[in-house]
Amino acid sequence: MRVDLLSSMRRIVLKRLALFALLGVMVGMGLTASRPDTGLAQAADPRPNIVFILADDLRASDLDYMPKTNSFLANQGVKFTKAWVTRSLCCPSRATILRGQYTHNHHVWVNVPPAGGFWNFYDQGLESSTIATWLDDAGYDTILIGKYLNRYGLDRAGNYAPTTHRPPGWDRWYAWEGAYPSATTYDINENGRIVTYQRSEIHDTDLHARTAEDFIRTTAGGAPFFMYLSPNAPHHPSYFAPRHAGMFTDTPLPRPSSFNEADVSDKPQWVRNKPRLSSTEISNLTNFYRKRLRALQSLDEMVERLVTTLGQTGELSNTYIVFTSDNGIYLGEHRLTEKAAAYNAAPRIPLLIRGPGVPSGVTRSQMALNNDLAPTFARWAGVTPPGFVDGRSLSPLLSASPPSSWRTAFLVEHRRSPEEYGYVSAIPHYDAIRTSQYNYVEYETGEKELYDLNADPTELTNIYASASPTLIANLKARLDALKTCAGTGCRTAENGG
Ligand SMILES: [Ca+2]
Ligand SMILES: [Ca+2]
């Protein structure tokens, strides 16, 4: 694989031509003369910057331990209280984020080839149309920092094989080589040059923060930018900076009523096969949780650093900042310690958005999905997304008075692959529909689950066997429509139409 230099150069030339043309028009109209102090280029292109921060395996509840993020983003913007991923696994979710599609439409089902991973995304040619190419073609300065897709920097067999590949649409590229690198060193593909860093010299999240700050300082006042900032934190092994080592040494593991669920006789066989967590397992989970919280602190500090830098460079008032995660994870709920199941702690994600015109310190309870992110960014940039996009722009929910009608259901899907890690293979294929009141799951085994989220928000009692046939029929019909939906059809199916 090689960087497509000609294509990159063409994009840069086109971008400059577009800017000069716009400048010419605006100078001709006298639009730049009235703002002599703001910088010519900035006055020439009023479109907003977009800073997209994508954590890895961050649970919505982890925000409780990120005070700066709450202060600079939640309190200055909108907090979505019901944000979800449609497939709770790293690579499928990231493919969804890049393309705005449900997994059944991009087919990146798992983290490894052939059914998933970077190689699947690459082989299908999906890199040719992503949020990066749409915004790049529209003249945005685009940069990716951090994790791209699982198996990037590994060969198809999973062996470490650093690559200089830079996908189309990215003007600057600071991507992780490999998945979750060693405790001592890590490699970054910096615009085609592979650079090795010592963890003892700089923590990876701190490096990403520095790269992001440098980028903002050098590009401020130029073309609008799109930054895709994707740190490893707090994903296992949850490396943290030495300065955070003394924190959270006594913090207890969250224990919702679903923790180590005592009675799983209502649940499908794959859950019933799991014994209750032992005291050793709970102790290990507690240590893992504390490491995660420590790892989050560099992320929290990064948010403050970005907001400060944007303020100092005069860009803050014209920048959307989006903070979210590719999926959550179970920390003992229903005896689980992984992701990919349909119970709420894993598909549930945090989502915070601040930016121009976005009200401060308000919450939204409408369903927001990971396939909404790309069309939202496109809307902000004035770009019409391709017809294959299943999600919808969240911008109506960011106004002071959001619309009364919105999606009333969405699809959560899962396929296992024999090549995937053992724990994922434990969960049979399923499709699930989540409405405001119900979570209804159909497994390939024929097993079904139904939870009434009003009466049983932690999903302790599967009521499928006793539910009314009408309710089941309605949920099944809506699920069937969602399972095969595409584009506009998904939005119609989600609306119940
Ligand atoms: Ca993840
Ligand atoms: Ca139960």
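Residues numbered from 1 in each chain as written. Chains lettered and ligands numbered in written order. Predicted model: local features only at pLDDT ≥ 70, side-chain atom pairs only at ≥ 80, totals over all residues. Heavy atoms only, no water.

Enquirer: How would you explain the sheet that holds strand 6 (residues 185-190) if you had to name every residue and give the values?
Expert: Spatial strand order, 7-6-5-4-8-1-9-11-2-12: ten strands in an open sheet with mixed pairing. In the strand order of this sheet, the two ends are held by strand 7 (193-198) and strand 12 (362-364), each with one partner. Averaged over all pairs of adjacent strands, the angle between strand axes in this sheet comes to 15 degrees, irrespective of strand direction. The strands touched by helix 8 (residues 204-219) are strand 4 (141-146), strand 5 (172-176), strand 6, strand 7 and strand 8 (225-230); relative to strand 8, the strand with the most contacts, the crossing angle is about 175 degrees. Of the strands in this sheet, strand 1 (49-55), strand 8, strand 9 (319-325) and strand 11 (351-354) touch helix 10 (residues 279-312), which is tilted by about 175 degrees from strand 1. (Pairing = 2+ DSSP bridges. Helix = DSSP H or I, 4+ residues; strand = E, 2+ residues; numbered from the N terminus. Axes fitted to C-alpha atoms, helices over the stretch in contact; angles between N-to-C directions. Contact = heavy atoms within 4.5 Å.)

Enquirer: Go over unusual backbone geometry with me, naming the residues and quoting the values.
Expert: Residue Pro234 is reached from Ala233 by a cis peptide bond, and omega for that bond is -5 degrees. Checked against the element boundaries, Pro234 lands in the loop between strand 8 and helix 9 (269-272). Between His236 and the following residue, Pro237, the backbone shows a cis peptide bond with an omega angle of 10 degrees. Unusually for a residue other than glycine, Asn191 sits at a positive phi of about 55 degrees. Mapping Asn191 onto the fold places it in the loop between strand 6 and strand 7. At Arg335, a residue that is not glycine, the phi angle is positive and equals roughly 70 degrees. Relative to the assigned elements, Arg335 resides in the loop between strand 9 and strand 10 (348-349).

Enquirer: Outline the pattern of salt bridges, supporting the account with residue identities and numerical values.
Expert: In this structure the tally under the stated criterion is 29 salt bridges. Across the pair Arg292 and Asp62 runs a salt bridge whose closest N-O atoms are separated by 2.7 Å. Remark: Asp62 occurs in the loop between strand 1 and helix 3 (67-74) and Arg292 occurs in helix 10; sequence separation between them is 230 residues. Residue Arg292 is classed as buried on the basis of its relative accessible area of 1%. Overlapping salt bridges, with partners in common, bring together Asp56, Arg94, Lys147 and Asp326 in one network. (Salt bridge = Lys/Arg side-chain N within 4 Å of Asp/Glu carboxyl O. Buried < 20%, exposed > 50% of the residue type's maximum accessible area, 1.4 Å probe, protein only.)

Enquirer: So, the side chain of Glu449: which residues are in play, and what are the values?
Expert: Within the fold, Glu449 resides in strand 17 (residues 448-452). As a buried residue without a salt bridge, Glu449 has its nearest oppositely charged side chain in Lys267, at a separation of 4.9 Å. A polar contact of 2.6 Å, which involves the side chain of Glu449, links it to the side chain of Tyr343. Once you skip the residues sitting within four places of it in the chain, Glu449 turns out to touch Lys267, Pro268, Tyr343, Asn439, Tyr440, Val441, Tyr443, Asn462 and Tyr464. (Lys, Arg positive; Asp, Glu negative; His and termini not counted. Polar contact = N/O pair within 3.5 Å; in protein donor to acceptor, adjacent residues only side chain to side chain.)

Enquirer: Kindly report on the coordination of the calcium ion (ligand 1), identifying the contributing residues and their values.
Expert: For the calcium ion (ligand 1), the full set of protein donor atoms is Asp56 (OD), Asp57 (OD), Cys90 (SG), Asp326 (OD), Asp326 (OD) and Asn327 (OD1), at a range of 2.2 to 2.6 Å. Classification of the site at the calcium ion (ligand 1) as irregular follows from its six donor atoms and the range of 53 to 161 degrees in their angles at the metal. Mapped onto the sequence, the residues coordinating the calcium ion (ligand 1) show the spacing D-D-x32-C-x235-D-N. Highlighted residues: Asp57 in the loop between strand 1 and helix 3 and Asn327 in the loop between strand 9 and strand 10, separated in sequence by 270 residues. Exposure class is identical for Asp57 and Asn327. Each is buried. (Donors = N, O, S within 2.8 Å, 3.2 Å for Na, K, Ca; no water. Tetrahedral: all angles 85-135°; square planar, octahedral: opposite > 155°, others 65-115°.)

Enquirer: Tell me what's going on with the sheet that holds strand 3 (residues 83-84), and back it up with residues and numbers.
Expert: Pairing in this open sheet of three strands is mixed, and the strands run 10-3-13 from one edge to the other. If you trace the sheet from one side to the other, it starts and ends with strand 10 and strand 13 (368-369), each paired once.

Enquirer: Account for the coordination of the calcium ion (ligand 2), naming residues and giving values.
Expert: Those donors, Glu261 (OE), Asp263 (O), Asp266 (OD) and Leu460 (O), are the protein atoms that reach the calcium ion (ligand 2), and they lie 2.1 to 2.6 Å from it. Read in sequence order, the donor residues coordinating the calcium ion (ligand 2) give the pattern E-x1-D-x2-D-x193-L. Of this pair, Asp263 sits in the loop between strand 8 and helix 9 while Leu460 is found in the loop between strand 17 and helix 13 (469-483), placing the two residues 197 residues apart along the sequence.

Enquirer: Give me the lowdown on the packing of helix 13 against helix 14 (residues 488-495), citing residues and values where you can.
Expert: The N-to-C vectors of helix 13 and helix 14 enclose an angle of 165 degrees; their axes lie 9 Å apart at closest approach. Here helix 14 runs roughly antiparallel to helix 13, going by the angle between their axes. Between helix 13 and helix 14 lies a crossing whose hand is left-handed. Residues Arg478, Ala481 and Leu482 of helix 13 form the contact with helix 14, whose participating residues are Cys490, Ala493, Glu494 and Asn495. (Parallel < 35°, antiparallel > 145°, perpendicular 65-115°, else oblique. Left-handed = near helix turned anticlockwise from the far one by under 90°.)

Enquirer: Before we move on, could you go through the environment of Val307 and cite the residues and values that matter?
Expert: Relative to the helices and strands, Val307 resides in helix 10. For Val307, a relative accessible area of 7% gives the class buried. Spatially, the C-alpha atom of Val307 lies 9.8 Å from that of Thr69, the residues being 238 residues apart in sequence. Excluding residues that lie within four positions of it along the chain, Val307 makes contacts with Phe72, Leu73, Leu316, Ile321 and Arg354.

Enquirer: Describe the confidence of the model for the protein, with residues and values.
Expert: Within the protein, residue pLDDT values average 91, and 89% of them lie at 70 or more. In this model residues 1-14 is a low-confidence stretch, pLDDT under 50, and it forms 16 contacts with partners more than four residues away in sequence or in other chains. (pLDDT = per-residue confidence, 0-100.)

Enquirer: Explain the packing of helix 8 against helix 10 to me, and be specific about the residues and the numbers.
Expert: At a closest axis distance of 10 Å, the pairing of helix 8 and helix 10 adopts a crossing angle of 10 degrees. Relative to helix 10, the element helix 8 is oriented roughly parallel. Here Thr205, Asp206, Ala209, Arg210, Ala212, Glu213, Ile216 and Arg217 of helix 8 come into contact with helix 10, specifically with Ser298, Leu299, Met302, Arg305, Leu306, Thr309, Leu310 and Gln312. In the contact of helix 8 with helix 10, the residues fall into seven nonpolar, four polar and five charged. (Nonpolar A, V, L, I, M, F, W, Y, C, P; charged D, E, K, R; others polar.)

Enquirer: Go over the state of the cysteines with me, naming the residues and quoting the values.
Expert: Overall, the coordinates contain one disulfide when judged by the stated rule. With a sulfur-sulfur separation of 2.0 Å, Cys485 is cross-linked through a disulfide to Cys490. Looking down the S-S bond of the Cys485 and Cys490 bridge, the torsion is 90 degrees, so its handedness is right-handed. Side by side, Cys485 and Cys490 carry an identical accessibility label, which is buried. (Disulfide = S-S within 2.5 Å.)

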